[in-house]
Amino acid sequence: MMIEQAVEKRMDVSRQLEKEMSQLGNLREVLSRSSQVATNVSSILDSFEHRLARLETTILPLYQQTGNLQRRQFNTEKTLQELDYVISFYNVAGQVEGVIKERPSSNGVPQYLKAMDRLAETCKYFEQNNPQSVEIENVTSLFEIGTDALSKEFRDELKKYQKPVPPVVTLELLDEEELSEDTISGVELVPPGVREDLRAIATWLDKHHNTDRLTVYAKLRSDALSQSLKALRDYQRSSSIERGGTPGSVNSPGPLRARVAKMDSVAKSRTQKISNRANRMFQKAITGHVSSRRQGSPGHTSYSLHGTLTPPHATTPGTVGEEGLEDSDVELYLNQVTALHRLAFAELLLSQQLVPEDRVTRTFELILRDPMDQLVAEGEGLAAQARRSVSRGDHQAVLSVLAMLRHVTSMQPEYDRLLTNCQTSIRSKFAAIINMLQDTCVKALEGFVESVKSDGERALPKDGTVHEVTSNALIFTEQLLEYAATLSPMLQRDPSLSAALSNLSKGVDQSHMAKALLGAYIKRVLVNLGLALVSRSEAYNDSTLRAVFRLNNYNYILKTLHSSELLNLVSLVEPLCDKMYNDQIMEQKRLYSQSWSRVLHYLVNHEDVPQSVIQAGKLRDRDRQLIKDKFAGFNKEMEEMSKVQRSYSIPDRELRESLKRDNMEYILPKYQAFYDKYVSVTFTKNTEKYIKYSPADVSNMVDKFFDVAA
């Protein structure tokens, strides 16, 4: 078994060996064929390499010759192009001369600028490549002519539209609460078509370093702006006169007339409406300036005062208007401040369209310089007029300055935005107006306090009524109420007024602080007024009249404080203000009641007829004479007192009736008792001679006190 397996295994190995030998023979045969193919390919490649070498030797010289010919052709064409380019410069002068010597607008500004660009390029070429060329003189001369023509065209076109903005258009702008490019679009300083040409000319001139036209542009537009402001000023003055009023009347009725000679009814109505808007703006700024110049106590138009209040900004016959500050001047100035801002904004928009971006701010500064200087000068002139009015004692003029200051201050944020990128010298001009007006107000307010002291030296009223200085002081301070916010920065400069705010709680808002500062100033006025009244009233020889005078003035002050917001403001810094004046009034009433002392001397004294004697009817001659003396003395003193007190004036009805009531309650019970005691006593045969007045008669006499016509 094992032998068979070994034989079989040997046979398998033999078969496997034969198979491997067969494969090896096949492999040798394939290898032989591959070797033959490789030999054949190598032979072919060698043959191809030899053929390429022969081809290169034949073609390369031809290729090199072709390249040389192509370079020569390119150089020739380039030379011809350069020659054409150079020759074209020699022909430019002749080609554009006809266009250049015409006005730019004749053939159109774009075409003219194209011709000028060609001249500029030609000049540059000759300067760089052939400065000695004769042609350069012709080209340069023609270029200068064209540049001058463009400058002249720019200037002439600007002058053509250097017209003031119609006043009615400006007045419409004054009524705009918010200013934007849309709202300003109604102001057409330069037509759109002309604007495009001017912008193109301006850009070209700036590109070629011709900056003179910016100065020309700024000067022309500055003049136009000044003319627009002047036109508005003249228009409003003439409109006021045509309405039948004076330049100082801001509310005169009647339609306004337009600048043109003919205007239909629609235009007239529109013009009147616009002017009324401007007047309302003025009235809003100066509310109460004239109307509050009144006589009398609050609510009593018949309140009689000593002296005559000076009308606002009144001028005596023969004086010129410039001596005082007219309301019309204030109105015009308020409009000028707003109008300058509105028109300047329009000029800024125009500059942004016509002037290169990097030069807009500088040009805008040049445009605004003269109008701003004029605005400052006008403000200084009005402030000077106000100072002259104040120096003459018309402190009401400061209210006009306050109206100006409030309006200018309200316009400051808008001016700040408008002048954001301008130099400090321009921005400071508007701030200078505010500072100048503030200084004027500060001096006027200080002067008013001093005038309260000095005006107390005026002649005293013979009837003891309210002194003019009192009424003027209260009227003036009451008119300051609406300017609390405007006055706040100025009043803060005074250390004593600022110190009065120490009692205020921390964190109060600006409005409350402004009222407190004004309250501190009013307190100062009232203190000086009180001192002046006390000091001056000492000149009265009659102590009763002195008490009546002080009583009238203290009562007038207190009622005015109550009828207005004055008391609320003063109470912020002096909580006991009301009590102090009430105490002073009660004290003066007490002093006034002492005027009855001479009358009471005969009614109540230690020397009297005993009641027992009267009841017994056993009067002695001495008793009869005593009774006669009492009645005679009472009659004399009562008649004298009635005569004197009828000449006294108590203009306030409530106070007058109160004093009469106090007098009756004070004297009538005493006289009634005296009268009842002796009326039935037979102390004389001429009873009518001594018992002249019954208690009812005395009551009637007291009721006629303080009535000169009684």
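Remember, it's a predicted structure, so these values are computed and weren't measured experimentally.

Asker: Can you tell me about the overall build of the protein chain, naming the residues and giving the values?
Answerer: Looking only at helices and strands, the protein chain features 25 helices and zero strands. Expressed as a percentage of its 710 residues, the buried residues of the protein chain come to 45%. Carbon and sulfur atoms make up 52% of the accessible area of the protein chain, which amounts to about 38,200 Å² in all.

Asker: Could you give an account of the confidence of the model for the protein chain, naming the residues involved and the relevant values?
Answerer: One rule of thumb: low pLDDT means the predicted coordinates there are not for detailed reading. Taken residue by residue, the protein chain gives an average pLDDT of 80. The fraction at 70 or more is 83%. Across residues 245-302, where pLDDT falls below 50, the model places 117 contacts with residues more than four positions away in sequence or in other chains.

Asker: Provide a residue-level description of the nonpolar core, including the pertinent values.
Answerer: By size, the foremost hydrophobic cluster in this structure holds 184 residues, and its most contacted members are Leu518 and Tyr521. No other element matches the 14 residues that helix α9 (residues 327-354) contributes to this core. Apart from residues no more than four positions distant in its own chain, Tyr521 is found in contact with Leu445, Phe448, Val449, Phe476, Leu480, Leu491 and Leu497.

Asker: Let's hear about a nonpolar patch on the surface: which residues, and what values?
Answerer: Taken together, the side chains of Phe48, Leu52, Leu55, Ile59, Leu60 and Tyr63 define a hydrophobic patch exposed on the protein surface, amounting to about 620 Å² of accessible area. Checked against the element boundaries, Phe48 lands in helix α1 (residues 2-100). For Phe48, a relative accessible area of 49% translates into the label partly exposed.

Asker: Can you break down helix α3 (residues 109-129) residue by residue, with the values?
Answerer: Side chains that are three or four residues apart share a direction in an α-helix, a result of its 3.6 residues per turn. Given a rise of 1.5 Å per residue, 21 residues ought to cover 30 Å, and the 30 Å separating the end C-alpha atoms of α3 matches this to within 8%. Within α3, the full set of buried residues consists of Val109, Tyr112, Leu113, Ala115, Met116, Leu119, Ala120, Thr122, Cys123, Tyr125 and Phe126.

Asker: Now, about the packing of aromatic side chains: what can you tell me, with residues and values included?
Answerer: Within this structure, the stated rule accounts for 17 aromatic pairs. Note on Tyr671 and Tyr675: the rings are 6.0 Å apart at their centroids and 40° apart in plane angle, and the pair reads as tilted. Of the two residues, Tyr671 and Tyr675 are both situated in helix α23 (residues 653-678); the distance of four residues between them amounts to about one turn of the helix. According to the relative accessible area criterion, Tyr671 is buried, its value standing at 0%. The ring of Tyr666 has Lys670 sitting right over it, with the charged end atom 4.6 Å from the ring centre.

Asker: Describe the side chain of Thr684, and please don't skip the residues or the numbers.
Answerer: Topologically, Thr684 is positioned in the loop between α23 and α24 (687-690). Engagement of the side chain of Thr684 in a polar contact is seen with the backbone nitrogen of Asn686, the distance being 3.1 Å. Excluding its chain neighbours within four sequence positions, the residues that come into contact with Thr684 are Lys628 and Tyr690.

Asker: Let's hear about the pattern of salt bridges: which residues, and what values?
Answerer: Enumeration over the complete set of coordinates arrives at 28 salt bridges. With a shortest N-O distance of 3.2 Å, Asp439 and Arg493 are connected by a salt bridge. Here Asp439 is found in helix α12 (residues 424-455), whereas its partner Arg493 is found in the loop between α14 (484-491) and α15 (495-499), with 54 residues between them in sequence. The class of Asp439 is partly exposed, set by a relative accessible area of 36%. Residues participating in the shared-partner salt-bridge network are Lys559, Asp652 and Glu654.

Asker: Outline a positive patch on the surface, listing residues and values.
Answerer: Together, Arg387, Arg388, Arg392 and Lys443 give the surface a local cluster of positive charge. Structurally, Arg387 can be placed in helix α10 (residues 360-391). Looking at Arg387, the relative accessible area reads 39%, which means it is partly exposed.

Asker: Any chance you could break down the side chain of Ser222 for me, citing the residues and the numbers?
Answerer: Along the chain, the position of Ser222 falls in helix α7 (residues 212-242). Looking at Ser222, the relative accessible area reads 1%, which means it is buried. Among residues more than four places away in sequence, those in contact with Ser222 are Leu366, Ile367, Asp370 and Pro371.

Asker: Run through helix α17 (residues 543-563), naming residues and quoting values.
Answerer: Between its first and last C-alpha, α17 extends 30 Å over 21 residues, near the 30 Å set by a 1.5 Å rise per residue. Of all 21 residues in α17, 17 are buried, a share of seventy percent or more. One side-chain oxygen at the N-terminal end of α17 lies 2.9 Å from the backbone nitrogen of Thr544; it belongs to Asp542.

Asker: Go over the environment of Lys689, please, and point to the residues and values.
Answerer: Mapping Lys689 onto the fold places it in helix α24. Lys689 gets classed as exposed once you look at its relative accessible area, which sits at 53%. Remark: the alpha-carbon pair of Lys689 and Ala632, spanning 57 residues in sequence, is separated by 8.2 Å.

Asker: Break down the environment of Met641 for me, with residues and values.
Answerer: Residue position: Met641 is located in helix α22 (residues 621-647). Accessibility expressed as a relative area gives 7% for Met641, which makes it buried. C-alpha separation for the pair Met641 and Ser595, spaced 46 residues apart in sequence, amounts to 8.3 Å. Look past the residues within four positions of Met641 in its chain and what remains in contact with it is Ser595, Trp596, Val599 and Phe705.

Asker: Residue-level account of the packing of α22 against helix α25 (residues 695-703), with values.
Answerer: Relative to each other, α22 and α25 sit at 25°, their axes nearing to 10 Å. The orientation of α22 relative to α25 falls into the category roughly parallel. Judged by the sense of rotation from one axis to the other, the crossing of α22 with α25 is left-handed. Across the interface between the two elements, Phe634, Met638, Glu639 and Ser642 from α22 touch Val698, Met701 and Val702 from α25.

Asker: Explain the packing of α22 against α23 to me, and be specific about the residues and the numbers.
Answerer: The contact between α22 and α23 brings their axes to 12 Å, and the two run at 140°. In this view, α22 runs oblique relative to α23, as classed from their interaxial angle. As α22 runs across α23, the sense of the crossing is left-handed. Contacts between α22 and α23 pair Ile627, Lys630, Phe631 and Phe634 from the former with Tyr671, Phe674 and Tyr678 from the latter. When grouped by side-chain class, the residues that make up the contact of α22 with α23 number six nonpolar, no polar and one charged.

Cut-offs and rules
Along every chain, residues carry numbers that run from 1 in the direction the sequence is written. With pLDDT at 70 or above as the cut-off, local features in this predicted model cover only qualifying residues; side-chain atom pairs require 80 or more to be listed or tallied, and sums for whole chains, interfaces and linings still use all residues. Note that the side-chain values use all heavy atoms of the structure and ignore hydrogens as well as water. Helix and strand definitions here come from DSSP, where helices need a minimum of 4 consecutive H or I residues and strands a minimum of 2 consecutive E residues; each element is numbered from the N-terminal end. Working definition: with a 1.4 Å probe on protein chains only, accessible area under 20% of the residue-type maximum means buried, over 50% means exposed, and in between means partly exposed. Areas reported here follow the Shrake-Rupley algorithm with a probe of radius 1.4 Å; residue values treat only the protein chains shown as occluding. What pLDDT conveys is the predictor's confidence in a given residue, as a value from 0 to 100. It only takes one pair of heavy atoms within 4.5 Å for two residues to be counted as in contact. Buried Ala, Val, Leu, Ile, Met, Phe, Trp, Tyr and Cys residues that are joined via side-chain atoms within 4.5 Å together make up what is termed a nonpolar core. Patch membership requires more than 30% relative accessible area and the absence of a salt bridge. Residues of like charge join within 9 Å; the nonpolar side chains Val, Leu, Ile, Met, Phe, Trp and Tyr join within 5 Å. One speaks of a salt bridge when a side-chain nitrogen belonging to Lys or Arg is within 4 Å of a carboxyl oxygen belonging to Asp or Glu. A helix is expected to span 1.5 Å for every residue after the first. For Phe, Tyr and Trp, rings pair up if their centres lie within 6.5 Å, where Trp contributes its six-membered ring, and each pair is then called stacked (planes under 30 degrees apart), edge-to-face (over 60) or tilted (otherwise). Put simply, a charge is over a ring when the Lys NZ or the Arg CZ is close to the ring centre, within 6 Å, and near the line of the ring normal, within 35 degrees. Pairs of N or O atoms within 3.5 Å make up the polar contacts considered here, provided that, within protein, one atom can donate a hydrogen while the other can accept it, and that residues adjacent in sequence are counted only when both atoms are side-chain atoms. A residue counts as positive if it is Lys or Arg and as negative if it is Asp or Glu; His and the chain ends are not included. By convention, the point assigned to a charge is CZ for Arg, NZ for Lys, CD for Glu and CG for Asp. For every element, the axis is a line fit to its C-alpha atoms; helices are fit only across the contacting stretch, and the angle between N-to-C directions ranges from 0 to 180 degrees. Every angle not falling under 35 degrees, over 145, or within 65 to 115 is termed oblique; those three ranges are roughly parallel, roughly antiparallel and roughly perpendicular. Whether a crossing is left-handed or right-handed is set by the direction in which the near helix is turned from the far one by less than a right angle, anticlockwise for left-handed and clockwise for right-handed. Charged means Asp, Glu, Lys or Arg here, nonpolar means Ala, Val, Leu, Ile, Met, Phe, Trp, Tyr, Cys or Pro, and polar covers whatever is left, Gly included.

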